[in-house]
Amino acid sequence: MGTIRYNKELKIREFEESLTRKNMELKENYKKLKELDELKSSFLSMVSHELRTPLTTIAGYVSLLLTEKPGALNPPQREYLKTAEEETEFLNHLIEELLDLSRIERGEFRVNLESVDITQTIIKAISSLQLSADSQGVLLENDLPQALPFVLADKERIYQTITNLLENAIKFNRRGGKAAISVFSHPESNKLTFCIRDTGIGIKEDDLDKIFNKFYQAEPLGKRRFGGCGLGLAITKSIVELHKGRIWVESKAGRGSTFFFELEKT
Ligand code: ADP
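Residues numbered from 1 in each chain as written. Predicted model: local features only at pLDDT ≥ 70, side-chain atom pairs only at ≥ 80, totals over all residues. Heavy atoms only, no water.

A. The arrangement of the environment of Thr56 in detail. Within the secondary structure layout, Thr56 lies in helix α1 (residues 2-67). Considered as a pair, Thr56 and Arg5 are 51 residues apart in the sequence and their alpha carbons are 76 Å apart. (Helix = DSSP H or I, 4+ residues; strand = E, 2+ residues; numbered from the N terminus.)

B. Structural context of the site of the ligand. Among the 19 residues in the neighbourhood of the ligand, the closest are listed as Asn168, Lys171, Asp198, Gln217 and Leu233. One of the backbone nitrogen or oxygen atoms of Gly230 is found 3.0 Å away from an oxygen atom of the ligand. Within the backbone of Gly232, one N or O atom sits 3.3 Å away from an oxygen atom of the ligand. Considering the ligand on its own, with 530 Å² of exposed area, one finds that the protein chains cover 96% of that surface. Of all the secondary-structure elements, those providing two or more residues to the shell around the ligand are α4 (155-171), α5 (232-242) and β7 (257-264). In terms of residue class, the shell around the ligand is built from ten nonpolar, seven polar and two charged. (Near = heavy atom within 4 Å. Polar contact = N/O pair within 3.5 Å; in protein donor to acceptor, adjacent residues only side chain to side chain. Areas by Shrake-Rupley, 256 points an atom, 1.4 Å probe, with all protein chains shown as cover. Nonpolar A, V, L, I, M, F, W, Y, C, P; charged D, E, K, R; others polar.)

C. Examining the sheet that holds β7 more closely. Taken in spatial order, the five strands of this open sheet run β2-β4-β5-β7-β6, and their pairing is mixed. Looking at strand neighbours, the two that pair on one side only are β2 (139-143) and β6 (247-251), the edges of this open sheet. The average angle at which neighbouring strand axes cross in this sheet is 15°, direction not considered. Sheet topology note: the strand β4 (residues 178-185)/strand β5 (residues 191-198) ladder contains seven bridges and is antiparallel. By the bridge assignment, Phe184 is partnered in β5 with Thr193. Each of β2, β4, β5, β6 and β7 is contacted by α4, which is oriented at about 25° to β5, the strand it contacts most. (Pairing = 2+ DSSP bridges. Axes fitted to C-alpha atoms, helices over the stretch in contact; angles between N-to-C directions. Contact = heavy atoms within 4.5 Å.)

D. Fine view of α4. An ideal rise of 1.5 Å per residue puts 24 Å on 17 residues; α4 measures up with 24 Å between its terminal C-alpha atoms. Of the residues making up α4, those classed as buried are Arg157, Ile158, Tyr159, Thr161, Ile162, Thr163, Asn164, Leu165, Leu166, Asn168, Ala169 and Ile170. (Expected span 1.5 Å × (residues − 1). Buried < 20%, exposed > 50% of the residue type's maximum accessible area, 1.4 Å probe, protein only.)

E. Focus on unusual backbone geometry. Despite not being glycine, Glu68 shows a phi value in the positive range, around 70°. Residue position: Glu68 is located in the loop between α1 and α2 (75-105). One non-glycine residue, Phe215, adopts positive backbone phi at about 65°. Following the sequence through the fold, Phe215 ends up in the loop between β5 and α5. Of the residues examined, Phe215 reaches a relative accessible area of 44% and is grouped as partly exposed.

Here it is, written out as structure tokens:
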């Protein structure tokens, strides 16, 4: 009887000791992961800042040359410089996204709320994307009611959200396709629903809940036909959530996508 009890107590003590060991290992691993995560965040922020400064200088010289003040350009020179200008704009966009991500990860991403005329913001976003839509053969439409209430929002960040969703609606589309934005004001609630739809390639069911994750792209590496690094939707989601709104998508592979997000009216 005594031996059985002794054996049981021994097993319980061994079990407790192994639990304490595992607990310490877990704490140690968690500490290491946290350190790595902090290192990654400061690396991200440092690299993005270091890239931005020389890029601003390059972009400045390219646009100066394009003014032809330093000297006249022949057609091939103009064409090469135009390509350089487009590529620096693309890199700049990428760096801005990396900087936004590092702000989000450090908890330093903030919104500056004010009463925003959303119609003006949408018109500005559409006109900034018109050229790109035309060159990709996509019809860009806005389907706005006569008057929309103002929303409580960060003007720049909401412009970024709308532009990003419309850019995707153009990018993941086909020649002859459509991209459109509409907004619904619900009379019975204080919400405004934004709806960005396209007739593009669509999203597979498996990917629907992953596309808002940072760096996630539905097309596998090596098969990618579209530019970008998979950060736009993660940033967009953070912006909408900082406005206490929500964002979601409905789509079917091959049959277009519709992204929705909601904001509060003022
Ligand atoms: P990026 O555009 O840089 O790839 P995003 O974060 O904006 O990154 O989008 C993540 C992924 O979600 C895209 O790579 C694409 O696979 C998918 N996606 C986003 N918008 C659309 C859309 N309108 N139609 C089809 N797929 C989309």
